[in-house]
Amino acid sequence: MRTEFTDLDQVRAADDLRDAVVVGLDLGAEELRVPVDGALFLGCTLSPAAQRRAAAAGALVFPAIPDLPYDVYRSRLYTPAELFAGFDPADPGSYAGTPDAVIYRHTRAQGHNPDPLHALAERLHDHAITSALGDALTGAPVAVMGGHALGRGTPGYRRAVRLGAALGEAGFTVLTGGGPGVMEAVPLGVRAGVDEAVLRDLARAPGFGDDAESIGRWIAACPTDLPTWERPRTIGLPTWFYGHEPPNPACELHAKYFANSVREDGLLTIATGGIIYTPGSAGTVQEVFQDYCQNHYGSVGPAAPMVFLGRDFWVDEVPAAPLVQRLARGREAERWILVTDDVAEAVEFMREYAG
């Protein structure tokens, strides 16, 4: 395991940088007279002498990539405040100038097949986000999947808030896709519980359109004084691939990706405490079978809970649950599949698995 350095004082105190990863530091005034064999310098500034010393020692120097609206080598997850920097709730259209919106426009300008420079930049960024996400997580987090189109003020939204509140009371770290709908309601419940005043305010901006002003009104309706913890309890994994859906303000942190495939597979893989599926559309159904494939073959560890919350939906309307149960017959995964309408039963099932 390589040691990562993101602070200049750490570098100055080190007596050995062999195989180290040094990220985003201005080392132009540093002599770097310690061993640097096999080190990686990502987005660092080095003096000519230090560059020669690094090259002679077999170190690799990846330069900063200019003219990008994002940090390729960032070493931490995003906060909503970072993504929405410059947003003024009194001027909803100001969302258009936030880093989140600017990065989305930049991504769209590159298209689905960006040139090699931008493709590399996006992959390096996403790798850095995955590394930062690993640093932020502890224990066995659980995930909740469900529809992005679920409007604030609907019964389904309220039930998702109740689910989040119950998971929060049980002490779980909760992951979602980081967008609107269920992905917002659940972390809101974790952090605020079922707060009627908050729910009334949110219902005044139930959704958003394609314009910056309606997105801004949607963002502004969410409270900004939600509780936080020393270790994050709510993390979203949104993507600029669906950049027309802004990240929700309810998550403490966001691991926002460019590559949706990396984001989806990553979310399913790190939810080692299991996943609760609420009603959704094609994306949620895809996640059901992608998750079950991991459980079926044990490709990322022991089979973890799959809870289908909403019996009518998952058995009759979109009968994914019976198919998964049939595939799991006789396997370890079979005992960790639950179909229920009861939020309390779903959370207790997850607690049983957590031990």
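Above this text is the structure in question.
Just so it is clear, the structure is predicted and the values come from calculations on it, not from any experiment.

**Q** How would you sum up the pattern of salt bridges? Please name residues and give values.
**A** If you walk through the whole model with that rule in mind, you get 14 salt bridges. Residue R74 is joined to E82 by a salt bridge in which the shortest nitrogen-to-oxygen separation is 3.3 Å. Classification of R74 by relative accessible area gives buried; the value is 6%. Each of D9, R12 and E30 takes part in one network of salt bridges that share partners.

**Q** Which residues make up the packing of aromatic side chains, and what values do they have?
**A** Scanning the model with the defined rule gives 12 aromatic pairs in all. Judged by centre distance (5.5 Å) and plane angle (65°), the rings of F308 and W314 are edge-to-face. Overall, the relative accessible area of 0% leaves F308 in the buried class. The exposure class assigned to W314 is buried, which follows from its relative accessible area of 0%. Ring-pair connections join several aromatic residues into one group, and the members of that group are Y70, Y78, W240 and F258. Against the face of Y78 rests R74, its NZ or CZ located 3.8 Å from the ring centre.

**Q** Which residues make up the pairing of strand 7 (residues 142-145), and what are the values?
**A** Side chains V142 and V144 of strand 7 all project onto a buried face; the interleaved residues A143 and M145 project onto the opposite face, where all are buried too. Across 2 bridges, the pairing between strand 7 and strand 8 (residues 174-176) is parallel. Its bridge partner lying in strand 8, A143 is registered against L175. In this view, the connection linking strand 7 to its parallel neighbour strand 8 by way of helix 6 (residues 155-169) has right-handed handedness.

Thresholds, definitions, all that
Per chain, residues are indexed from 1 in the order of the written sequence. Thresholds applied to this predicted model are a pLDDT of at least 70 for local features of residues and 80 or more for the giving and counting of side-chain atom pairs; totals over whole chains, interfaces and linings are not thresholded and use all residues. Side-chain measures here rest on the full set of heavy atoms in the structure, leaving out hydrogens and waters. By convention in these notes, a salt bridge is any Lys or Arg side-chain nitrogen within 4 Å of a carboxyl oxygen on Asp or Glu. Type-normalised accessible area, obtained with a 1.4 Å probe on protein chains alone, sets the label of each residue: buried when under 20%, exposed when over 50%, and partly exposed for intermediate values. Pairing of aromatic side chains here covers Phe, Tyr and the six-membered ring of Trp, requires ring centres within 6.5 Å, and sorts the geometry by plane angle: under 30 degrees stacked, over 60 edge-to-face, intermediate tilted. Geometrically, a lysine NZ or arginine CZ counts as sitting over a ring once it is within 6 Å of the ring centre and also within 35 degrees of the ring normal. Labels follow the DSSP assignment, with helices taken as runs of H or I lasting at least four residues and strands as runs of E lasting at least two, numbered in each case from the N terminus. Pairs of strands are assigned from DSSP output, requiring at least two bridges between the strands. Assignment of crossover handedness uses the view with strands pointing away from the viewer, where a clockwise path from the first strand over the helix to the second indicates a right-handed crossover.

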